[in-house]
Amino acid sequence: MKLQTKRLLMREWKDEDVAPFIRMNDDPRVVRYVEKLADRTATEGWIDAQRDHFEKHGYGLWVLEALGNTGLIGYCGLVNVPYQAHFTPAVEIAWRLDSAHWGLGYATEAASAALSFGFERLGLSEVVANAAVGNSASRRVMERLGMSHDAQDDFDLPGRAEGHPLRRQVLYRIKAGKWLRK
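Residues numbered from 1 in each chain as written. Predicted model: local features only at pLDDT ≥ 70, side-chain atom pairs only at ≥ 80, totals over all residues. Heavy atoms only, no water.

If you tally the helices and strands in the chain, you get five helices and nine strands. In sequence order, the secondary structure elements of the chain are arranged as β-β-α-α-β-β-β-α-β-α-β-β-β-α. For the chain, the C-alpha radius of gyration of 16 Å lies close to 16 Å, the compact-globule estimate for 182 residues. Dimensions of the chain along its principal axes, counting C-alpha atoms only, are 40 × 40 × 35 Å. In the chain, which comprises 182 residues, the proportion classed as buried is 51%. Summarising the internal contacts of the chain: among those between residues at least 6 apart in sequence, 63% fall at separations of at least 24. When the accessible surface of the chain is totalled, it reaches about 9400 Å², and 49% of it is carbon and sulfur. (Helix = DSSP H or I, 4+ residues; strand = E, 2+ residues; numbered from the N terminus. Rg over C-alpha atoms; globule rule 2.2 N^0.38 Å. Buried < 20%, exposed > 50% of the residue type's maximum accessible area, 1.4 Å probe, protein only. Contact = heavy atoms within 4.5 Å. Areas by Shrake-Rupley, 256 points an atom, 1.4 Å probe, with all protein chains shown as cover.)

Written out as C-alpha cells, the structure is:
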C-alpha cells in the first residue's frame, strides 16, 4: 500500500527504517510532545505493530519519504485509537517528522493525502487527532486541515499519571462531509 503526493512517497515500513527512525526519535525536539521509544527492541516492536495494523485494517501509519530523496523523514497516517476515551472507537490521524524537515508543509501534505484516503477510499465518517496541549505546531496542522476543536472534548490520556506533562490532550475532529466539500 503506497500513496504519493506532489512531494512525498507514503509507504509501508521496511526493516531498513529502524535505524533512521531511532535517530529521528533520539532528537529531543521530535519527542518533546510524545513518549520516546525506550530502545531498539521497543522501536522494532512499534514498527511491527504498524505492519500488523496495515495487515488487519488496510491502513496505518505510512513512512514518509521526500520524492527524489530515499529514506525515512517521518511518518503519517491513520490508526485505530488503541485506548478507551469518550470519543472511541475512532480512527486517528497522526504524524511525526524528523526536525530537519519541519516547516516545509510535509505534515499537512501527508495528512491531507491520508484524510482523502480515509474518507474517499475507506468510507470513514470521521477522523480525530489529538496532541499535548502545548503542541502548537501539531495544532496548526490540524487547523490547516480544517479540523475543529471543542475544549469540552479535551481529555486526559489513559495511563498518564496526574502531573505528567503529556497527560492533558486536545482533541480535534473532522467529518467526511466537511472534508469532501473542500
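Continuing now.
This part covers helix α4 (residues 136-144). Among the residues of α4, those classed as buried are S138, R139, V141 and M142. Viewed end-on, α4 has its buried residues packed into an arc of 155 degrees, placing them on one side of the element. For α4, the elements touching its buried residues are β5 (91-97), α3 (106-121), β6 (126-132), β7 (148-149) and β9 (168-175). Just downstream of α4, G146 is the residue with a positive phi angle, here 90 degrees. (Arc of directions from axis to C-beta.)

Turning our attention to the pattern of salt bridges. Counted under the stated rule, the structure contains 15 salt bridges. Where E109 meets R7, a salt bridge forms, and the shortest distance between an N and an O atom there is 2.6 Å. Of the two residues, E109 is situated in helix α3 and R7 in the loop between β1 (3-4) and β2 (8-11); the sequence distance between them amounts to 102 residues. A residue is classified by how much of its surface remains accessible, and E109, at 16% relative accessible area, is buried. A single network of salt bridges, built from pairs that share partners, joins E126, D153, R173 and K175. (Salt bridge = Lys/Arg side-chain N within 4 Å of Asp/Glu carboxyl O.)

Quick look at the pairing of strand β3 (residues 61-66) now. In summary, the side chains of a regular strand alternate between the two faces of the sheet. Of all six residues in β3, six are buried, a share of seventy percent or more. Where burial is concerned, the two faces of β3 agree: the one with L61, V63 and E65 and the one with W62, L64 and A66 are both buried. In this sheet, strand β4 (residues 69-80) lies alongside β3 in antiparallel orientation, the contact comprising five bridges. Looking across to β4, one finds that A66 is bridged to N69. Hairpin connection of β3 to β4: two residues between the antiparallel strands, including G68 at a positive phi of 85 degrees. (Pairing = 2+ DSSP bridges.)

Moving on, we get to the pairing of β5. In terms of residue burial, β5 counts as a mostly covered element, since seven of its seven residues are buried. Covered by surrounding structure in β5 are V91, I93, W95 and L97 together with E92, A94 and R96, the residues of both alternating faces. Alignment of β4 against β5, held across seven bridges, turns out to be antiparallel. If you follow L78 over to β5, its bridge partner there is I93.

Before going further, it helps to examine helix α1 (residues 18-25). Three or more residues of α1 are buried, namely V18, P20, F21, M24 and N25. Relative to the axis of α1, the buried residues are bounded by an arc of 170 degrees and lie together on one face. Buried residues along α1 sit in contact with α2 (40-57), β4 and β5.

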